[in-house]
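# Structure at a glance
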Amino acid sequence: MRSRPFLGVSSLGVPSLRRRASDAVELMDDPDCDPVKLASTYANFRFVNGVVSGWRGMYRRDIRPLLSSTRESTLLDVGCGGGDVARALARWAARDGLRLRITAVDPDARAHAYAMSLPPLPGLTFRRALSSDLVAERRRFDVVVSNHVLHHLTGEQLGGLLADSERLAAHRVLHADIERSRFAYLGFGLGTWPLFRRSFIRDDGLTSIRRSFTAAELREVVPPGWQVTREHPSRLVLRRVVPTGPASAGLASAVSASAGSVLADTASAGSVLADTASAGSVLADTASAGSVLAETVPASVSFPVKSDRRNGHSRPEREPERVHVHERGQANDSGARVRDVIVVGGGPVGILLAGLLAVRGVDVEVVEQRAKPSLRSRAIGIHPPSLRALEQLGVAEEVLARAVRIRGGVVRSDGRTLGRLAFTETVDRMQSVISLPQFETEAVLRARFAELAPGRLRGGVTVTGVSERGGRVAVETAKTVETAKPGGTHGTVEGIGTGGTGEGGVSAGETLEARYVVAADGARSLVRDLLGIRCTARTGGETYLMSDYPDTGEHLGEAVLFFERGGVVESFPLPGGRRRWVAMTPTLQADATSDDLAALIRARTGTQLPPTTAEASAFSVQQRLATRLVAGRVVLIGDAAHQISPIGGQGMNLGWLDALQLAPALERALRDPEAASGVLGDYDRRRRRSARMAARQADFNMAMGGPVQGLRLRARNCLVRALAAPPASAVLARAFTMRWL
């Protein structure tokens, strides 16, 4: 007996989604389909994709930094369907006062007719064409995009689309699509059940999900130079950032001109796509009825690659030569090299930023006060938004391989469990919360930067002066002399002009020049002080003691918070069978040992910790925010810009998210000087806003962990129980894993 369908899903569950249903046929593919339903489908794409497609975020993050108010930029939308994405991009650019000319193409006559029937928008042109037609015309665009096209393609067709995209794009390619998953299928089925009855959106949307890729499948088949990211559990973005300068030889040189015809049968052009941001999200495909597809790539075309385990992608046997934003070998009046960017500070934030700039072809150099990297553990938590940054640099897989995953958190008090939080329910590793000591993360970042820019990290160099000289910034340096201090080394400055040489060949007293300088030199930033930028103190003064111990195995894979009368005790897993323990203390206990901390933890929680050889570290929390993050051609990032309580693990992650926004902003500023003040001003506003949000969350974390007694203790425990229960638990988990950024 057949099961009765419910909301498009049988009572026995969703169809098998283990493999792509690439042979599934959508109703819109029928050239004789109901024209009334077809027109309704096109009309509804605007609303559906406006809710869940994610293009507003991609416009702000990936497209807007490339645009200018004085110079016209160009964008190609491949497989535009009814044109709603192209129209949205045109409206957003006009609203921001930016000059953007958009060409939207689709081979389907029905989609083209619908797009042309709508009121025209300035700068937006629709054509009935294939991407291969534009390649034959030798057209070039600053940005090439597509929405919900990839799932229509076979492997050969996908290769053709990417080959055409390389030929057509001068700076960036963004191909967005849905990801196949049970979450997407169920969410779309539930969310669209009472809606869109007189259209093909719901039926074809479910079929589209069955036809789509998973992130792992797409990473497996894309050629070198392309990155697959999961924007949320049901949307994928396939990106390519083209090195600035002459067109790269890359994939385009490996594929013949005839191989570039993308997108196959116009008959299959009409797919609807679905996407779900949540279980009730509605979704569909802007590419829909016109969703491209043309000629296929010849079977003989292949892409010679070898595996790259750092990021799960393939890479070419020979990496293409990087092209810098400015002319190679450009020098100042004294003959010294003028860099595009000098990053002051070689910690995890500075090195990540330098790597992201190097990936973009920017001529970048790092100067670091320390002659050798610190081996202190310090920050350990890495949140999902930061994994996006590491993925862009190509080191996410290596970091994940070294780290331990934190599955969730548990809150306890007086020996009882108050609640639990699950940090993620997805199997996608890029959505994980992980733990890795900072010095190990820093080692991975340094190794990657050494691959991208050999010899550009110079240690043992202290910056003693920063001044603007026209369109350049002069950085005065001196050699650092390391002197032993308790708990590590401390850098002092050797006299300027002594003739000494720091690691990497920088002479003491040498003046370096760059078009921009980034201060990533920490909470006690010398560059910030030299610029006279003040910091506004928020809250702080709380003191803590921490150390690492062997893991007893009692809380496998979980972070544990003990909200006790005498103050909070926190515990986090570390790789290698260890755990980090942190306890609030009434005063700063600089001379305390790990045995002292173990005794304090035993008294508060009853937990008996094993002996350890690790040293205890005492610290006092300070929260400060710089009054501005941009001063002319100098930009602050990381702890130099904002000092956030380490309780909650936000500090390093917040700095990495600074880098994720600053890298494209600096690239744009270097390429388009007239846009520099706008993009850097946007960086200043957005990152200061994020820092204030992080500081408020840190205030909450510390307030919840303070010592309390009696009625206040019972009230706090009741609040914790309420926050750990749905629906508040989902919001709280999102906040603690920094997904609000």
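Further up the page is the structure itself.
Residues numbered from 1 in each chain as written. Predicted model: local features only at pLDDT ≥ 70, side-chain atom pairs only at ≥ 80, totals over all residues. Heavy atoms only, no water.

Spanning twelve residues, helix α16 (residues 594-605) covers 16 Å between terminal C-alpha atoms, matching the ideal 16 Å at 1.5 Å per step. Regarding α16, the residues found buried are Ser 594, Leu 597, Ala 598, Leu 600, Ile 601 and Arg 604. Taken end-on, α16 shows its buried residues confined to a sector of 160°, consistent with a single buried face. Residues of α16 that are exposed and point more than 90 degrees away from the buried face comprise Asp 595 and Ala 603. Of the residues one or two after α16, Gly 606 is the one with positive phi, at around 80°. (Helix = DSSP H or I, 4+ residues; strand = E, 2+ residues; numbered from the N terminus. Expected span 1.5 Å × (residues − 1). Buried < 20%, exposed > 50% of the residue type's maximum accessible area, 1.4 Å probe, protein only. Arc of directions from axis to C-beta.)

All right, on to unusual backbone geometry then. The backbone of Arg 138 shows a phi angle near 60°, a positive value even though the residue is not glycine. Among the structural elements, Arg 138 can be located in the loop between α5 (131-136) and β6 (141-147). Relative accessible area serves as the criterion here: at 75%, Arg 138 is assigned to the exposed category. Its identity as a non-glycine residue notwithstanding, His 148 has a phi of 60°, on the positive side. On the accessibility criterion, His 148 (0% relative accessible area) is buried.

Taken N-terminus to C-terminus, the directions of helix α12 (residues 384-393) and helix α17 (residues 651-671) make an angle of 50°; their axes are 9 Å apart at the nearest point. On the basis of the axis angle, α12 is oblique to α17. Regarding α12 and α17, the two cross each other, and that crossing is left-handed. Here α12 contributes Pro 385, Ser 386, Arg 388, Ala 389, Leu 390 and Gln 392 to the contact with α17, which in turn contributes Asn 653, Trp 656, Leu 657 and Leu 660. Per-class residue counts for the contact of α12 with α17 are six nonpolar, three polar and one charged. (Axes fitted to C-alpha atoms, helices over the stretch in contact; angles between N-to-C directions. Parallel < 35°, antiparallel > 145°, perpendicular 65-115°, else oblique. Left-handed = near helix turned anticlockwise from the far one by under 90°. Contact = heavy atoms within 4.5 Å. Nonpolar A, V, L, I, M, F, W, Y, C, P; charged D, E, K, R; others polar.)

Val 341 and Leu 390 are the most contacted members of the largest nonpolar core, which has 72 residues in total. When residues in this core are grouped by element, the largest group, eleven residues, is from α17. With near-sequence residues (within four places) excluded, Val 341 lies in contact with Leu 357, Val 362, Asp 363, Val 364, Glu 365, Ala 514, Tyr 516, Val 518, Leu 666 and Leu 670. The next biggest cluster of nonpolar side chains, apart from the first, holds 27 residues, and it includes Cys 80, Ala 115, Val 143 and Leu 174. (Core = buried A, V, L, I, M, F, W, Y, C linked by side-chain atoms within 4.5 Å.)

This brings us to a positive patch on the surface. Where like charges cluster on the molecular surface, the positive patch consists of Arg 56, Arg 60, Arg 91 and Arg 689. With respect to the helices and strands, the residue Arg 91 is situated in helix α3 (residues 84-95). (Patch = residues over 30% accessible without salt bridge, like charges linked within 9 Å, V, L, I, M, F, W, Y side chains within 5 Å. Areas by Shrake-Rupley, 256 points an atom, 1.4 Å probe, with all protein chains shown as cover. Salt bridge = Lys/Arg side-chain N within 4 Å of Asp/Glu carboxyl O. Lys, Arg positive; Asp, Glu negative; His and termini not counted. Charge placed at Lys NZ, Arg CZ, Asp CG, Glu CD.)

So, on to the sheet that holds strand β15 (residues 404-405). Strand pairing in a sheet relies on backbone hydrogen bonds. The paired strands run either parallel or antiparallel. If you trace the three strands from one edge of the open sheet to the other, you get β14-β18-β15, paired in antiparallel fashion. A single partner strand is all that each edge strand has here, and the edge strands are β14 (381-382) and β15. Taken together, the two bridges between β14 and strand β18 (residues 434-435) define a ladder with antiparallel strand orientation. Within β18, the position partnered with Gly 381 by the bridge is Ser 435. (Pairing = 2+ DSSP bridges.)

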